[in-house]
Amino acid sequence: MLTILSAAIAPALALLTFFYLKDRLEPEPLGMVLRTFLYGALLVFPIMFIQYALKAEGVSSHPLMYSFFTIGFMEEFFKWFIFLYTAFRHTEMDSVYDGIIYGVSISLGFATVENILYLFAHGVDYAFTRALFPVSSHALFGVMMGYYLGKAKFGSRYPRLRIFGAMLIPFLLHGFYDYILLAVTFNWIYVQVPFMIVLWIIGLRKVRAAIQHPIERIQATK
């Protein structure tokens, strides 16, 4: 049991630490980061219930519908909703990069509980693959969400469009990620690996773009 818990939690903590330490100007309070992590973790259970109900009713039997609506939309919408009504309104979020920290934290909280449940059901042998794909993809969806919500709060002429994009972009990426798993039945890894590489490249570019605008933090605190 301890082995499974460690294998399930370690990738999320490593990724959260990686993104957290990128903020060298003014790191976020650990208490707030852990709180948003917990919010994300608690989201798993109501979302799983809704997904189970939709599947039982045959609402999402088609792979496209299941990938984009039941998985992608449901998970990213609720993470986006929680972000808007917690971290987005909090005074501690005072820069674009702070948005990335909280987006990653909520997403990894969700991914951690999901990973624990999966490894308990299927065994620790899947821990490495889960760390490389589902857990890291959740973190990168959180980067996208947090970046656009950060831009919505600081320095954007179209905040409502940014807020909408903060839900739409992760939802589409998440849906495409799951659709690859369902639609590509032979050697899916040859499609998923390039997708993940592109996702990491885009995510790290967003990280650099957010870090390079400390002026937004200074203006926000005046």
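Read on for a plain summary of the structure. (Residues numbered from 1 in each chain as written. Predicted model: local features only at pLDDT ≥ 70, side-chain atom pairs only at ≥ 80, totals over all residues. Heavy atoms only, no water.)

A short note on the overall build of the protein chain
Defined as follows: In DSSP terms, a helix is any run of H or I states spanning at least four residues, a strand is any run of E spanning at least two, and both are numbered starting from the N terminus. Radius of gyration means the value over C-alpha atoms here, while the globule rule gives 2.2 Å times the residue count to the 0.38 power. Only protein chains enter the accessibility calculation, which uses a 1.4 Å probe. A residue is then buried if its area is under 20% of the maximum for its type, exposed if over 50%, and partly exposed in between. Two residues form a contact once any of their heavy atoms are found within 4.5 Å. Under the convention used here, a 1.4 Å probe and the Shrake-Rupley method define accessible areas, while residue burial counts only the protein chains that appear. Residues counted as positive are Lys and Arg, residues counted as negative are Asp and Glu, and His and the chain ends are not counted. A charge is said to be at NZ when it belongs to Lys, at CZ for Arg, at CG for Asp and at CD for Glu.
When you go through the protein chain residue by residue, the secondary structure sums to 8 helices and 0 strands. Ordered by position from N to C terminus, the α and β elements of the protein chain give α-α-α-α-α-α-α-α. Rg of the C-alpha trace for the protein chain: 17 Å, near the compact-globule value of 17 Å for 222 residues, within the 12% margin. Considered along the principal axes of its C-alpha atoms, the protein chain spans approximately 55 × 40 × 30 Å. Expressed as a percentage of its 222 residues, the buried residues of the protein chain come to 48%. Considering only residue pairs separated by 6 or more positions, the protein chain has 80% of its internal contacts joining residues 24 or more positions apart. Split by element, the accessible area of the protein chain, about 11,400 Å² in all, is 69% carbon and sulfur. Of the charged side chains in the protein chain, 17 are positive and 13 negative, and the gap between their average positions amounts to 9 Å.

Some remarks on the pattern of salt bridges
The line we're drawing: Criterion for a salt bridge: a side-chain nitrogen of Lys or Arg within 4 Å of a carboxyl oxygen of Asp or Glu.
Per the stated rule, a full pass over the model turns up 1 salt bridge. Between Lys 79 and Glu 76 there is a salt bridge whose closest N-O contact spans 2.9 Å. Of this pair, Lys 79 and Glu 76 both sit in helix α3 (residues 63-84), 3 residues apart, which is roughly one turn of the helix.

Some points on the packing of aromatic side chains
This is how it is decided: Working definition: a ring pair exists when centres of Phe, Tyr or Trp rings (six-membered ring for Trp) sit within 6.5 Å. Plane angles under 30 degrees give stacked, over 60 give edge-to-face, the rest tilted. Definition used: whenever NZ (Lys) or CZ (Arg) falls within 6 Å of the ring centre and also within 35 degrees of the ring normal, the charge is taken to sit over that ring.
In this structure the tally under the stated criterion is 17 aromatic pairs. On the numbers, 6.5 Å between centres and 80 degrees between planes, the contact of Phe 141 with Tyr 177 is edge-to-face. You can see Phe 141 sitting in helix α5 (residues 127-153) and its partner Tyr 177 sitting in helix α6 (residues 159-183), a full 36 residues away along the chain. Per residue, the accessibility class of Phe 141 equals that of Tyr 177, and both read buried. A network of ring pairs unites the aromatic residues Phe 68, Phe 69, Phe 73, Phe 77, Phe 78, Trp 80, Phe 81, Tyr 85, Phe 171 and Tyr 179 as a single cluster. The cationic tip of Lys 79 hangs over the ring face of Phe 110; the distance from NZ or CZ to the ring centre is 5.6 Å. Residue placement shows Arg 130 over the ring face of Tyr 118; its charged tip is 4.3 Å from the ring centre.

Focus: unusual backbone geometry
Positive phi is not limited to glycine here, since Asn 187 has a value of about 55 degrees. Mapped onto the elements, Asn 187 comes out in the loop between α6 and α7 (189-211). Overall, the relative accessible area of 37% leaves Asn 187 in the partly exposed class.

Some details on the packing of helix α4 (residues 96-122) against α7
Which entries qualify depends on this criterion: Think of each axis as a best-fit line through the C-alpha atoms, taken over the contacting stretch in the case of a helix, with angles from 0 to 180 degrees between the N-to-C directions. If an angle is under 35 degrees, it is roughly parallel; if it is over 145, roughly antiparallel; if it lies from 65 to 115, roughly perpendicular; otherwise it is oblique. Here the nonpolar group is Ala, Val, Leu, Ile, Met, Phe, Trp, Tyr, Cys and Pro; Asp, Glu, Lys and Arg are the charged ones; every other residue, Gly included, is treated as polar.
Orientation of α4 relative to α7, taken along the N-to-C sense of each, is 140 degrees, at an axis distance of 7 Å. Compared by their axis directions, α4 and α7 come out oblique. Contact residues: α4 offers Val 96, Tyr 97 and Ile 100, while α7 offers Lys 206, Val 207, Ala 210 and Ile 211. Partitioned by chemical class, the residues of the contact of α4 with α7 number 6 nonpolar, no polar and 1 charged.

Overview of the packing of α3 against α5
This is how the line gets drawn: Handedness of a helix crossing follows the sense of rotation of the near helix relative to the far helix, less than a right angle counterclockwise being left-handed and clockwise being right-handed.
Running from N to C, α3 and α5 cross one another at 45 degrees; their axes reach a closest spacing of 11 Å. Classified by the angle between their axes, α3 and α5 sit oblique to one another. α3 and α5 meet at a crossing whose hand is right-handed. Contact residues: Glu 75, Glu 76, Lys 79, Trp 80, Phe 83 and Leu 84 in α3; His 138, Phe 141, Met 145, Gly 146 and Leu 149 in α5.

Structural measurements only, silent on function.
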